[in-house]
Amino acid sequence: MVRYRTLLGPVAVAASLVVAMAGAALDGGAGTPASASGVGTAAATAGCGKAPGLASGTHTIQSNGKNRSFILRVPDNYQNDRPYRLVFGFHWVGATATDVATGQTVDRNTWAYYGLQRLANNSAIFVAPQGINNGWGNSGGEDVTFVDNMISRIDNALCVDTTQRFALGFSYGGAMTYAVACARPTVFRAVAVYGAGAISGCSGGTQPIAYFGAHGIRDNVFPISTGRSLRDRFVQNNGCAAQNAPEPTQGSLRHVTTTYSGCRSGYPVVWAAFDEGHIAAPQDGAPGDSGTRTWLPAETWNFFTQFGGAPPTTTPPPVTTTPPPPTTTAPPPPTTTPPPGAGACTATYRTTNTWSGGYQGDVTVTAGGSAINGWTVRWTLANGQTVSQLWNGSHTVSGSTVTVRNVEYNGSLPAGGNTTFGFLGTGTPSAPTLTCTSP
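How each quantity is defined
- Residues numbered from 1 in each chain as written.
- Predicted model: local features only at pLDDT ≥ 70, side-chain atom pairs only at ≥ 80, totals over all residues.
- Heavy atoms only, no water.
- Pairing = 2+ DSSP bridges.
- Helix = DSSP H or I, 4+ residues; strand = E, 2+ residues; numbered from the N terminus.
- Axes fitted to C-alpha atoms, helices over the stretch in contact; angles between N-to-C directions.
- Contact = heavy atoms within 4.5 Å.
- Parallel < 35°, antiparallel > 145°, perpendicular 65-115°, else oblique.
- Salt bridge = Lys/Arg side-chain N within 4 Å of Asp/Glu carboxyl O.
- Buried < 20%, exposed > 50% of the residue type's maximum accessible area, 1.4 Å probe, protein only.

Visitor: Any chance you could explain the sheet that holds strand β9 (residues 269-274) here in plain terms?
Guide: Working definition: the strands of a sheet are paired by backbone hydrogen bonds and lie parallel or antiparallel to each other. Read from one edge of the open sheet, nine strands run β1-β2-β4-β3-β5-β6-β7-β9-β8, paired in mixed fashion. Here the strands that pair on one side only, and so sit at the sheet edges, are β1 (57-63) and β8 (255-259). Geometrically, the sheet is characterised by an average inter-axis angle of 20° between neighbouring strands, direction not taken into account. Across the sheet, helix α4 (residues 142-157) is in contact with β1, β2 (66-73), β3 (84-90), β4 (124-129) and β5 (160-170); its angle to β1 comes to roughly 120°.

The structure is reproduced here in structure tokens:
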């Protein structure tokens, strides 16, 4: 389970709302960063082409006369001539930047930056800002100004793709993400707002921005009607066709994702409603939240990366996953390596996590003696198995045959090079025989 220090309870919501209204949680006229650009107008930041001026770790800056801090995660093997995505992860009330940057105590590394760091596979720079008093009151727009200041500092120190800035957050962090969407729609390409209300304000809020919203139908802190209201602002701003998006029934423990139709090109709106309460890492088929089995990071990352950006490296960072508390004896992880052949690539499978009724598997694709440009991996599901979620690849299932093809950023491999994709499966893990082919 993902452990939250303190969630935003109904009393705190009310108090925060009063503060937001009385303190004018507004932008206050804060200007956009000098490096800000409109959608589709890529520009190299000042940090491109020079030695990095910031490293991974905690940094302090002055903003509105106050000392403010943020945690930075720079990709492994950072290259100063390659523009990177920039992703801001805002913490919930009572939490800290460290909680976002480390992924909590139980699901450490797996759920870092709301689970996106692992999926990014070194294609993004991540930022975890620290809120004042562990919240995002945004009085007078000071937290939006803090975001401006961080962007300016990072742009001058590192190589950033100015058309690939993103923000996400849960609860109060979601409220701050919403405030950023309203106030800085030409600075950020897309946002993801989880289980939030408008308590950090919405200065501006009339321009389009790509918007992903996720909310529990049983949320007792911010009722789902609140999430719908935030979503509908950008349904209107983005020119989408209004609709009553379907939502799961109570007790189903499932999620339903809706992509709105008719939106302006480049400004989609996606809504994910799930049968749970005020949680940030919902899972299908089980109550509570889990950083290892939640579907939300993959759907968010797919939403962000549809807009392009620099490809990740082909060698993923090490990942540590913690299985749920054992209630049954898990089978030993099977590992299979296909026999060597004359093909242009090989695929190797291993089970990395198991729980009652499901498992997580990783597949490593390795090029042969020559470089390849594209790959396809196939295997046959054992009786009762399904693939419920997959990342770093595009998959289809026909009968019992799973076919996974590379995505844009990991299809080209040098001779002997490799890349990895992962998936969540239902049923009992087995030792499948994989085939790998290249066009």
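Further notes follow.
Visitor: What am I meant to see in the packing of α4 against helix α5 (residues 172-183) here?
Guide: The relative placement of two packed helices is expressed as an angle between their axes plus a distance between the axes. In the contact formed by α4 and α5, the axes pass within 10 Å of each other and the chain directions differ by 75°. Classed by the angle they form, the pair α4 and α5 counts as roughly perpendicular. Of the residues in α5, those in contact with Asp 143, Val 144 and Val 147 of α4 are Met 176, Val 180 and Ala 183.

Visitor: Got a minute to help me understand the pattern of salt bridges in this structure?
Guide: Once the charged atoms of two side chains with opposite charge are near each other, the side chains can pair. Per the stated rule, a full pass over the model turns up nine salt bridges. Between Glu 142 and Lys 66 there is a salt bridge, with the nearest N and O atoms lying 2.9 Å from each other. Here Lys 66 lies in strand β2 and Glu 142 lies in helix α4, a separation of 76 residues in the sequence. Residue classification places Glu 142 among the buried residues on the basis of a relative accessible area of 13%. Between Arg 218 and Asp 275 there is a salt bridge; the shortest N-O distance is 2.9 Å. With Arg 218 in the loop between β7 (210-216) and α6 (224-237) and Asp 275 in the loop between β9 and α7 (296-305), the pair connects residues that are 57 residues apart, well separated along the chain. On the accessibility criterion, Asp 275 (2% relative accessible area) is buried.

Visitor: Looking at this structure, I do not really get the sheet that holds strand β20 (residues 435-437). What am I missing?
Guide: Taken in spatial order, the four strands of this open sheet run β16-β17-β14-β20, and their pairing is antiparallel. The open sheet terminates on both sides in strands that have one partner only, identified here as β16 (394-398) and β20. Between one strand and the next, the sheet's axes are offset by a mean angle of 20°, whatever the strand orientation. In this sheet, strand β17 (residues 401-405) lies alongside strand β14 (residues 376-380) in antiparallel orientation, the contact comprising five bridges. By the bridge assignment for β17, Trp 379 is matched with Val 402.

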